[in-house]
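# Report on the structure
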Amino acid sequence: MNTEDVIEIFKMAIVNGDVNNAYNIVERNMRKYEKKGNAEKKEFMEYLIRGLKGEISYDDIYHALSQDKYNIFPYIRDYKGYILALVDTMRYSINRYNIKYPDFDAKRCDDL
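Residues numbered from 1 in each chain as written. Predicted model: local features only at pLDDT ≥ 70, side-chain atom pairs only at ≥ 80, totals over all residues. Heavy atoms only, no water.

### Section: the packing of helix α3 (residues 39-53) against helix α5 (residues 79-97)
So the rule is basically this: Simply put, an axis is a line fit to the C-alpha atoms, just over the touching stretch for a helix, and the angle between two N-to-C directions goes from 0 to 180 degrees. Going along the chain from the N terminus, every DSSP run of H or I of four or more residues is numbered as a helix, and every run of E of two or more is numbered as a strand. Relative orientations are named as follows: roughly parallel for angles under 35 degrees, roughly antiparallel for angles over 145 degrees, roughly perpendicular for angles from 65 to 115 degrees, and oblique for any other angle. Handedness of a crossing follows from how the near helix is turned relative to the far one, being left-handed for an anticlockwise turn of less than a right angle and right-handed for a clockwise one. Contacts are assigned to residue pairs that have any heavy atoms within 4.5 Å of one another. Three residue categories are used. Nonpolar comprises Ala, Val, Leu, Ile, Met, Phe, Trp, Tyr, Cys and Pro, charged comprises Asp, Glu, Lys and Arg, and polar comprises the others, including Gly.
Packing of α3 against α5 brings their axes to within 11 Å, and their N-to-C directions diverge by 25°. As far as their axial angle goes, α5 and α3 are roughly parallel. Pair α3 / α5 crosses with right-handed handedness. In contact with F44, L48, G51 and L52 of α3, α5 contributes Y79, I83, L86, M90 and I94. By residue class, the composition of the contact of α3 with α5 is eight nonpolar, one polar and no charged.

### Let's talk about helix α4 (residues 58-65)
Note the cut-off: When accessible area is computed with a 1.4 Å probe and restricted to protein chains, residues below 20% of their type maximum are described as buried, those above 50% as exposed, and intermediate ones as partly exposed. To be clear, the arc concerns the directions from the helix axis to the C-beta atoms.
Three or more residues of α4 are buried, namely Y58, I61, A64 and L65. Projected down its long axis, α4 carries its buried residues within an arc of 135°, all on one side. Buried residues along α4 sit against α3 and α5.

Just distances and angles here, no functional claims.
Next comes the structure, spelled out in C-alpha cells:
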C-alpha cells in the first residue's frame, strides 16, 4: 500500500475515533517498512505511534517530521503544509476523544 494511503487511512480513523484501527494500520506498516529496509518510512510511522501514546508533543512531531529526509511522499508539493495538517488532525482527534493510547476507552469526551 502507498504511504500516502496509509497516512490518509490513519487520519480518517483517528478523526472518526477508531484509534485501535489507526494504531494497527501504522504499526503494521511500520513493521513492513522495517523488513524492507525503509528506515525513513519506519521512523515516520514510529513518530505517529509515539504521538498517539503521548510520549512526544505535537511540536516535537512537527519539527521531527518536517525535516526533508522524511519527505517520503512523491506527489505532495507542499510537504511542510501536509505535515502541519497531519499534526493538526492528530491534535484535534486526541483532544476531542481524550486519547491516551492504549488506555483509550472509545468514548467521546462530553460532546453529546
